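Geometric and topological summary
Listed below are the residues making up each chain.
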Amino acid sequence: MDFANKVVIITGASSGIGAAAALSFAKQSAKLVLVGRNETNLNQTASKCEQFKNIKPLTVKADITVDHDVKNIIDQAIETFGCIDVLVNNAGVGIHGSILEGVELYDKAMNINVRATYLMTSLAAPYLIKSKGNIVNVSSIAALKPIKDFNFLPYCVSKAALDQFTKCVALELASKGVRVNSVNPGCTRTKFIEAAGFPVNDEMMDRRATEFPLGKMVESDEVADLILYLASDRARSITGSIYVIDNGELLV
Ligand SMILES: NC(=O)c1ccc[n+]([C@@H]2O[C@H](COP(=O)([O-])OP(=O)(O)OC[C@H]3O[C@@H](n4cnc5c(N)ncnc54)[C@H](OP(=O)(O)O)[C@@H]3O)[C@@H](O)[C@H]2O)c1
């Protein structure tokens, strides 16, 4: 898979799956636009990426729930590289809470996990149509079944909406030569659960993973491999598809 001269935007590149995807695209010579809020982590990812092929990524500090920030990501990408070939909508947060807590948590989950992705996609789409590029959305198995351990109601609803977004946009843009797909990881070793407000450590997560059919957690670089495959020309016949990577977690 060669991404030489391909411009790839990755949101949430400052951590976890997004950072792993950035490294994998960098190894394949992509020109990267790395997006996140934590500048220190973002710069760390960028300097690791640069070491592979000596191509300096553009880093954009942005909160994707702020419309102006999202517009700035696209503007800076075009100003710096002149086109967009791949958009990886990866940034997301795990919002948990009960139906008895009202609608604020729903709004929060939808704002970050759906609305921001919707706006990013809308602003990137004209450039993706020009380049006949593609989009990979990072969803979750939470789109496909409730996660009983963490009461992730708002999160599950947002990721289910994201999957429908993937399919609708795939259908709309197919005739314009743009593919849109989704990767839906199960429990993956990142800061995600901690960022969602649960004090967990590796040992606790490994213990939880023994319940999954393959008895382990997903690693970020495994999700990155799938993202790269879907973004590559090898996946030229694939659009509107939802790819689960979960060690069989959905089966139990
Ligand atoms: N880990 C799992 O078990 C798992 C399972 C299924 C799906 N996923 C999905 O995988 C994606 C990546 O998560 P991860 O596991 O890699 O978790 P992570 O390590 O916590 O990374 C989350 C990333 O999203 C970014 N982000 C969050 N809110 C943002 C905002 N408002 N504006 C800009 N960036 C924002 C974070 O940036 P900053 O740190 O710079 O703020 C960070 O780079 C998410 O969509 C998540 O739902 C994760």
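Residues numbered from 1 in each chain as written. Predicted model: local features only at pLDDT ≥ 70, side-chain atom pairs only at ≥ 80, totals over all residues. Heavy atoms only, no water.

1. A look at the overall build of the chain
- For the chain, the count of helices and strands is 8 helices and 7 strands.
- Relative to a compact globule of 252 residues, whose C-alpha radius of gyration would be 18 Å, the chain shows 17 Å and is just as compact.
- Dimensions of the chain, computed from C-alpha atoms along their principal axes, come out at roughly 45 × 35 × 35 Å.
- Each of the 252 residues in the chain was classed as buried or not, and the buried ones make up 50%. (Helix = DSSP H or I, 4+ residues; strand = E, 2+ residues; numbered from the N terminus. Rg over C-alpha atoms; globule rule 2.2 N^0.38 Å. Buried < 20%, exposed > 50% of the residue type's maximum accessible area, 1.4 Å probe, protein only.)

2. Quick look at the site of the ligand
- Neighbouring residues of the ligand: 28 residues in total, closest Ser14, Ser15, Arg37, Tyr155 and Thr190.
- The contact in question runs from an oxygen atom of the ligand to an N or O atom on the side chain of Ser14, over 2.6 Å.
- Measuring from an oxygen atom of the ligand, one finds a side-chain N or O atom of Ser15 at 2.5 Å.
- Computed on the free molecule, the ligand has an accessible area of 890 Å², of which 94% lies beneath the protein chains in the complex.
- Going through the elements one at a time, α1 (16-27) and α5 (153-174) are the ones with two or more residues in the shell around the ligand.
- Its residues assigned to classes, the shell around the ligand shows 10 nonpolar, 14 polar and 4 charged. (Near = heavy atom within 4 Å. Polar contact = N/O pair within 3.5 Å; in protein donor to acceptor, adjacent residues only side chain to side chain. Areas by Shrake-Rupley, 256 points an atom, 1.4 Å probe, with all protein chains shown as cover. Nonpolar A, V, L, I, M, F, W, Y, C, P; charged D, E, K, R; others polar.)

3. Observations concerning the nonpolar core
- Counting 32 residues, the largest nonpolar core has Ile10, Phe25, Leu32, Leu34 and Ile227 as its most contacted members.
- Contributions of two or more residues to this core are made by β1 (7-11), α1, β2 (31-36), α2 (39-53), β4 (86-89), β5 (134-138) and α8 (220-231).
- If one sorts the elements of this core by residue count, α8 sits on top with 7 residues.
- Within the second largest apolar cluster, 29 residues are counted, among which are Val33, Ile73, Met120 and Leu128. (Core = buried A, V, L, I, M, F, W, Y, C linked by side-chain atoms within 4.5 Å.)

4. Section: unusual backbone geometry
- Even without glycine at this site, Asn5 takes up a positive phi of about 65 degrees.
- The class of Asn5 is exposed, set by a relative accessible area of 57%.
- Backbone geometry at Ser29 places phi at a positive 70 degrees, although glycine is not the residue there.
- Within the secondary structure, Ser29 is located in the loop between α1 and β2.
- Judged by relative accessible area, which is 17%, Ser29 ranks as buried.

5. Examining the environment of Val136
- Mapped onto the elements, Val136 comes out in strand β5.
- Sequence separation between Val136 and Asn90 is 46 residues; the distance between their C-alpha atoms is 8.1 Å.
- Setting aside residues up to four positions removed in sequence, Val136 forms contacts with Leu87, Val88, Asn89, Asn181, Val183, Ile227, Leu230 and Ala231. (Contact = heavy atoms within 4.5 Å.)

6. A closer look at the packing of α1 against α8
- Viewed as axis vectors pointing N to C, α1 and α8 meet at an angle of 55 degrees, and their least axial separation amounts to 8 Å. By the angle between their directions, the pair α1 and α8 is classed as oblique. Seen from above, α1 lies across α8 with right-handed handedness. Across from Gly16, Ile17, Ala20, Ala21, Ser24 and Phe25 in α1, the residues of α8 making contact are Ser220, Asp221, Val223, Ala224, Ile227, Leu228 and Ala231.
- Across the contact of α1 with α8, the residue classes break down as 9 nonpolar, 3 polar and 1 charged. (Axes fitted to C-alpha atoms, helices over the stretch in contact; angles between N-to-C directions. Parallel < 35°, antiparallel > 145°, perpendicular 65-115°, else oblique. Left-handed = near helix turned anticlockwise from the far one by under 90°.)

7. Let's talk about α8
- Compared with an ideal rise of 1.5 Å per residue, which puts 12 residues at 16 Å, α8 spans 16 Å between its outermost C-alpha atoms and is within 8% of the ideal.
- Those residues of α8 lying buried are Ser220, Val223, Ala224, Leu226, Ile227, Leu228, Leu230 and Ala231.
- If you follow the buried residues of α8, they end up packed against α1, β4, β5, β6 (179-185) and β7 (242-245). (Expected span 1.5 Å × (residues − 1).)

8. Section: the layout of surface pockets
- In this structure, the second largest pocket spans a volume of roughly 260 Å³.
- Its residues assigned to classes, the lining of the second largest pocket shows 3 nonpolar, 5 polar and 6 charged. (1 Å grid on protein atoms, 1.4 Å probe; cavity = no way out; pocket = protein on both sides within 12 Å on 5 of 7 lines; lining within 4 Å. Points joined across faces, edges and corners; volume = space filled by probe spheres on them.)

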